[in-house]
Amino acid sequence: MARNPRRDLLAGLTVAVVALPLALGFGVSSGLGAAAGLATAVVAGTLAALFGGSDLQVSGPTGAMTVVLVPIVAEHGPNGVLTVGLLAGVIVIGLALARAGRTMVYLPASVVEGFTLGIALVIGLQQVPNALGVAKPEGDRVLVVTWRALVEFARAPHWTALAVALGVAALMLVGARLRPAVPFSLVAVAAATGAAQLLGLDAATIGALPAGLPAPSLDFVDVSALGGLIAPAFAVAALAALESLLSAQVADGMTVGQRHDPDRELFGQGLANLAAPLFGGVPATGAIARTAVNVRTGATSRLAALTHALVLAVIVFAAAPLVSKIPLAALAGVLLATAVRMVEVGSLRAMAKATRSDAAVLTLTAAATLALDLVYAVVIGFAVAGALALRAVARQARLDQVDLRADLPGEHDAEEHALLDEHIVAYRIDGPLFFAAAHRFLLELSGVADVRVVILRMSRVTTVDATGALVLKDAVEKLNRRGIAVMTSGIRPGQRQALASVGALDLLRFEGREYATTPEAVAGARGHLRGAGILTAPAAREAGTALPESTR
């Protein structure tokens, strides 16, 4: 993409206009105040743009991070959040140095969609107290806080605050459909602020930011208290990495020729999170909505994201008194609209219709996000998706009885065919022989009817792990104890190590019972039957030539 400084400056200005109410709102929602949101947007936005791995990424405070910070503030206070931000920055830099960014490709789409839906629900519910004009009830669980706010509102309704919040949200949603290029978030907030000043609305009714936007305290917790912040720091770091890489992927998908460096992106986000707390900011991530605005308005380089941060810095120093007049109800409306716009109904519908497993993972991840926290939700969603994927793969493993006649070397009369059919049975193993499918395989193979020889055709086995090798060994031992000889054919070189490590390969080679091809194994089985006195007449002809893979 060709560099165009003029377009970058215009895109940066547009993103700043969109980011201003979001930064204020997310700062308030986090519990550290509007100034913390602006500080994060300026400091983290600058460092991530300079050192990150995406030319078009815009970073700052986000709703997803706010969801994680609320319980931290409730338990450890604002100083705990600042300390968690520093620790998270160190962890994210460690992830970058470990080149963990490339593992993002393994996250299932159903987990991402469920995660996004859950975040949208939490962000929307977090705005209920400010939208209703009631003081935020105590508690760190969003469902509990929302219920208490509704009860308080029912006792003493504040219809003005609710009207402001819903009016701002409606103007943003309708305006975005009619004129997508217009920053209706700023228009709506400005209109609500002007109306509040003209009508002289009571700040207690619609909420108000602190005058002058004072910066949060820069005190950090004592070293003795660090132990209790390690787990929250890992949660914040995991979310910062996850959301930033998701946002960078969105930017790549909206452009032609742009590809981010995931490990460099993590490094930039780690630096941003190290620095933001030093200026009173909250932990930051790549912001999907602001990044999308940046791309749509024609950004071509990092200059756009830097311009966005610079414009917000000017606002912090030059327009703080004006910003402090914005009603909290208006910011609640901005975030309500943001939550609604996060939900892509078409994507959710497509994911739900794809498979029942995808629908289950999406629903579970969204519910876990709402009931627990974001990191647990992703871990649970990923674990369930992995378990369902393993089940699907395990179901591909099959043990099928096959006809011997196509693999009989030489010519045979009807009597010998009957004897062979009576005493020899051949099975072909298809798919993976691993822990998720091995025990079903053991039950099927151990239940073989009374015969003298079992031939296992293994050329179609895709993989063998230690569990599969042990189960195969156990099944062969059980058959041998019943007096049934086991012949094998087509064992691949890559599977021999797993079989040898548990002693299964030696057992399969017992008395030379491993063969390269199925016809050779059949010939060995016939020799075994002749040695037992069941077959008395030698075969008229036996093929000795090499056979293709399909016969193994």
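A brief structural summary. (Residues numbered from 1 in each chain as written. Predicted model: local features only at pLDDT ≥ 70, side-chain atom pairs only at ≥ 80, totals over all residues. Heavy atoms only, no water.)

Attention shifts here to the overall build of the protein. Along the backbone of the protein there are 24 helices and eight strands. Out of the 552 residues in the protein, the part that is buried amounts to 52%. Counting only contacts in the protein whose residues sit at least 6 apart along the sequence, the fraction spanning at least 24 positions is 84%. Carbon and sulfur atoms make up 62% of the accessible area of the protein, which totals about 24,400 Å². (Helix = DSSP H or I, 4+ residues; strand = E, 2+ residues; numbered from the N terminus. Buried < 20%, exposed > 50% of the residue type's maximum accessible area, 1.4 Å probe, protein only. Contact = heavy atoms within 4.5 Å. Areas by Shrake-Rupley, 256 points an atom, 1.4 Å probe, with all protein chains shown as cover.)

Our next topic: the pattern of salt bridges. Two side chains carrying opposite charge are able to pair once their charged atoms lie near each other. Evaluated as defined, the whole model comprises six salt bridges. One salt bridge connects arginine 155 with glutamate 152, and the closest N-O pair in it is separated by 3.6 Å. Note that arginine 155 and glutamate 152 are positioned in helix α6 (residues 142-155) at a spacing of three residues, about one turn of the helix. Overall, the relative accessible area of 65% leaves arginine 155 in the exposed class. Across the pair glutamate 514 and arginine 509 runs a salt bridge whose closest N-O atoms are separated by 3.2 Å. Salt bridges sharing partners connect three or more residues here, namely Arg496, Arg509 and Glu514. (Salt bridge = Lys/Arg side-chain N within 4 Å of Asp/Glu carboxyl O.)

Further remarks concern the packing of aromatic side chains. Taken as a whole and judged by the stated rule, the model has one aromatic pair. Relative to tryptophan 159, the ring of phenylalanine 153 lies with its centre 5.2 Å away and its plane at 85 degrees, an arrangement referred to as edge-to-face. (Phe/Tyr/Trp six-rings, centres within 6.5 Å; stacked < 30°, edge-to-face > 60°.)

Secondary-structure assignment places threonine 285 in strand β2 (residues 285-286). Judged by its relative accessible area of 0%, threonine 285 falls in the buried class. For threonine 285, the side chain forms a polar contact with the side chain of glutamate 243, separated by 3.0 Å. Not counting chain neighbours up to four residues away, the residues in contact with threonine 285 comprise Val58, Ser59, Gly60, Thr62, Met65, Leu239, Ala240, Glu243, Ser244 and Gln269. (Polar contact = N/O pair within 3.5 Å; in protein donor to acceptor, adjacent residues only side chain to side chain.)

Quick look at the pairing of strand β4 (residues 424-433) now. Two faces, one strand: in a regular strand the side chains alternate between the faces of the sheet. Where burial is concerned, most of β4 is hidden: ten out of the ten residues are buried. Sheet analysis places strand β3 (residues 398-402) next to β4, joined by five bridges and oriented antiparallel. From the neighbouring strand, aspartate 400 faces β4, where its bridge partner is arginine 428. When β4 meets strand β5 (residues 453-457), the two strands line up parallel, connected through five bridges. (Pairing = 2+ DSSP bridges.)

Bringing the packing of helix α4 (residues 109-126) against α6 into the picture now. The interhelical angle for the contact between α4 and α6, taken along N-to-C directions, is 35 degrees, at an axis separation of 9 Å. The way α4 lies across α6 gives a crossing that is left-handed. Each of Val122, Leu125 and Gln126 in α4 lies in contact with α6, whose residues at this interface are Val142, Leu143 and Thr146. (Axes fitted to C-alpha atoms, helices over the stretch in contact; angles between N-to-C directions. Left-handed = near helix turned anticlockwise from the far one by under 90°.)

Together, Leu50, Phe51 and Phe267 make up an exposed nonpolar region whose accessible area comes to about 240 Å². Residue leucine 50 is classed as partly exposed on the basis of its relative accessible area of 41%. (Patch = residues over 30% accessible without salt bridge, like charges linked within 9 Å, V, L, I, M, F, W, Y side chains within 5 Å.)

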